[in-house]
Amino acid sequence: MKIVIDTNIVLSALFSKKGASNRLMVWLFNQKKKYNVVSNTLVTEFEDVLTRDQNIKKFNNLKKEDILSFIDDICLISYHQDIHFLWRPFLKDSNDDMILEVAVNANAKAIITFNPKDFKGIKERFGIDVLTPQEYLKKIGEIK
């Protein structure tokens, strides 16, 4: 099942090793099969958000170079999707539209985010589930 992970999940995974977002990222890195999908614009957003000074200061012992290497690693374990159809504007936030475009173009089955309310109408219009990391991990049987 292809999924698209919102930037807030990756950010949260780096802030805490205890949460569902970190567990999801660890699970993705331990799979032999690729599940996650990225696009050039999504990777650019990862770089922009994760390397902001205020975020780097919050990461324990991580430098900008470490974060960029981590993003490279995400790319290695992910499908790379070209965007052929734009759906803008469909959602209130253009960054959320970018996530939607990756998911639709990749025929992904789920968007994983901490802000499901920002993706209203996605399930009905596109048939894509919008789940939190905990909901996704439950769905795939990784947690109860």
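See the structure above.
Chains are numbered independently. Their residues run from 1 in the order of the written sequence. Thresholds applied to this predicted model are a pLDDT of at least 70 for local features of residues and 80 or more for the giving and counting of side-chain atom pairs; totals over whole chains, interfaces and linings are not thresholded and use all residues. Only heavy atoms go into the side-chain values, all of them from the structure, while hydrogens and water stay out.

## Quick notes on helix α1 (residues 7–15)
- Extensive coverage of α1 is indicated by the burial of seven of its nine residues.
- Listing the buried residues of α1 in full gives T7, N8, I9, V10, L11, A13 and L14. Each residue is assigned to one of three classes by its accessible area relative to the maximum for its type, calculated with a 1.4 Å probe on protein chains only: buried under 20%, partly exposed between the two thresholds, exposed over 50%. Secondary structure elements follow DSSP: runs of H or I no shorter than four residues count as helices, runs of E no shorter than two count as strands, and numbering proceeds from the N terminus.

## Quick look at helix α6 (residues 94–106)
- A rise of 1.5 Å per residue sets the reference length of α6, with its 13 residues, at 18 Å; its end C-alpha atoms lie 18 Å apart and thus fit the reference within 8%.
- Judged by how many residues are buried, α6 sits mostly within the fold: ten of 13 residues are covered.
- For α6, the set of buried residues is D96, D97, M98, I99, L100, E101, V102, A103, N105 and A106.
- By definition in these notes, contact holds between two residues if any of their heavy atoms fall within 4.5 Å. Buried residues in α6 make contact with β1 (3–5), β2 (37–38), α3 (40–50), β4 (110–112) and α7 (122–126).
- N107 sits one or two residues past α6 and shows a positive phi near 60 degrees. To estimate how far a helix should extend, the number of its residues minus one is multiplied by 1.5 Å.

## Points about the nonpolar core
- Definition used in this section: a nonpolar core is a set of buried Ala, Val, Leu, Ile, Met, Phe, Trp, Tyr and Cys residues joined via side-chain atoms within 4.5 Å. Core analysis: the biggest nonpolar cluster contains 48 residues, and I5, L24, L28, I112 and I122 have the highest contact counts within it.
- For this core, the leading source of residues is α6, giving six residues.
- Once you skip the residues sitting within four places of it in the chain, I5 turns out to touch V10, L24, M25, L28, N36, L42, F46, I99 and I112.

## Here's the deal with the packing of aromatic side chains
- Geometry of aromatic contacts follows a simple scheme: Phe, Tyr and Trp rings, the Trp one being its six-membered ring, pair when their centres are within 6.5 Å, and the pair is stacked under 30 degrees between planes, edge-to-face over 60, tilted otherwise. Within the structure shown, the criterion is met by four aromatic pairs.
- Considering the side-chain rings of W27 and Y136, the 6.1 Å spacing of their centres and the 75 degrees angle between planes classify their relative orientation as edge-to-face. Of this pair, W27 sits in helix α2 (residues 20–30) while Y136 sits in helix α8 (residues 133–139), placing them 109 residues apart in sequence.
- Exposure remark for Y136: the relative accessible area of 1% places this residue in the buried category.
- Of the aromatic side chains, those joined through ring pairs into one cluster are W27, Y35 and Y136.

## Here we look at the pattern of salt bridges
- A pairing counts as a salt bridge when a side-chain nitrogen of Lys or Arg comes within 4 Å of a carboxyl oxygen of Asp or Glu. Inspection of the entire model under this criterion finds three salt bridges.
- Notably, a salt bridge pairs D48 with R52, separated by 2.9 Å at the nearest N-O pair.
- Its relative accessible area of 34% is what places R52 among the partly exposed residues.
- Between K139 and D129 there is a salt bridge; the shortest N-O distance is 2.7 Å. You can see K139 sitting in helix α8 and its partner D129 sitting in strand β5 (residues 129–131), a full ten residues away along the chain.

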